[in-house]
Amino acid sequence: QVQLVESGGGLVQPGGSLRLSCAASGSIRSIYVMGWYRQAPGKQRELVAGFSSGGRINYADSVKGRFTISRDNTKSTGYLQMNSLKPEDTAVYYCNARKLGREDDYWGQGTQVTVSS
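On a predicted model such as this, the values are computed, not experimentally measured, just so you know.

**Student:** Give a description of the packing of aromatic side chains that names residues and reports values.
**Tutor:** Under the criterion given, the structure shown has one aromatic pair. Measuring from centroid to centroid gives 5.0 Å for Tyr37 and Trp107, while their planes differ by 70°, and the two rings are edge-to-face. Taken as a pair, Tyr37 in strand β4 (residues 31-39) and Trp107 in strand β10 (residues 106-107) lie far apart in primary sequence, 70 residues in all. Owing to a relative accessible area of 23%, Tyr37 belongs among the partly exposed residues under this scheme. In this structure, Arg45 packs its charged tip against the face of Trp107, placed 4.8 Å from the ring centre. The ring of Phe51 is capped by Arg71, whose NZ or CZ atom sits 4.0 Å from the centre of that ring.

Analysis parameters
- Residues numbered from 1 in each chain as written.
- Predicted model: local features only at pLDDT ≥ 70, side-chain atom pairs only at ≥ 80, totals over all residues.
- Heavy atoms only, no water.
- Phe/Tyr/Trp six-rings, centres within 6.5 Å; stacked < 30°, edge-to-face > 60°.
- Helix = DSSP H or I, 4+ residues; strand = E, 2+ residues; numbered from the N terminus.
- Buried < 20%, exposed > 50% of the residue type's maximum accessible area, 1.4 Å probe, protein only.
- Lys NZ or Arg CZ within 6 Å of the ring centre and 35° of its normal.

Written out as structure tokens, the structure reads:
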């Protein structure tokens, strides 16, 4: 079994910054944090940033230039640095992970990010 735990969320003022972490534990052999998603109430879950083939990174247009995704595979941990936060960034943020050679997705429980003055 694989467990993903997101952390780093909280309440921040517009223009502020947060760094989210996603730590994988359990059966972490060949685990890769693939991306970050977010979901606001009444809205679909959307990709915020993710790793594609060859390590290419895709960002949602709404976060380009503000968010940076990274991962440390030796620590089975992913990160999302969020700068210049806007109220519309308010959502529950989830990390997604996969194992090499498998198509199953693993999800954490999410961490709440609230951007408000």
